[in-house]
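# Survey of secondary and tertiary structure
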Amino acid sequence: MELIGKQIVVNAWEPVAGSVEKTVTLTSVLDGPGSDRRDYVTVEGLQDWEDDMPLEDFIKMVVEDL
């Protein structure tokens, strides 16, 4: 199953609005930096910029919203 380019609705926290739903797009999967053996994903739509996060953190965020 191809995940790159998929849009997913997740709950996020905004300082003023509190909990809000955001549509995020998974744009890439990367190797972790340096000696970090984890895979990372790049996500657009969560912040005003692209956000890199460990793949397992992204999965936890998505699963919590199911």
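Please read all numbers here as calculations on a predicted model, not as lab measurements.

## Considerations on the pairing of strand 2 (residues 18–31)
Looking at chain direction, strand 1 (residues 7–14) and strand 2 are connected through eight bridges and run antiparallel. Considered in strand 2, the bridge of V10 is made with K22. Taking the residues that link successive antiparallel strands as the turn, the strand 1-strand 2 hairpin has three residues. The pairing of strand 2 with strand 3 (residues 39–44) spans six bridges and is classified as antiparallel. Looking at strand 3, one finds that D31 is bridged to D39.

## A look at helix 1 (residues 55–64)
What sets the pattern is the α-helix's 3.6 residues per turn: residues three or four places apart point alike. Those residues of helix 1 lying buried are F58, M61 and V62. The buried residues of helix 1 all sit within an arc of 95° when viewed along its axis, so they share a single face. Facing away from the buried side of helix 1 by over 90 degrees, the exposed positions are K60 and E64. On its buried face, helix 1 sits against strand 1, strand 2, strand 3 and strand 4 (51–54).

Conventions adopted
Residues numbered from 1 in each chain as written. Predicted model: local features only at pLDDT ≥ 70, side-chain atom pairs only at ≥ 80, totals over all residues. Heavy atoms only, no water. Pairing = 2+ DSSP bridges. Helix = DSSP H or I, 4+ residues; strand = E, 2+ residues; numbered from the N terminus. Buried < 20%, exposed > 50% of the residue type's maximum accessible area, 1.4 Å probe, protein only. Arc of directions from axis to C-beta. Contact = heavy atoms within 4.5 Å.

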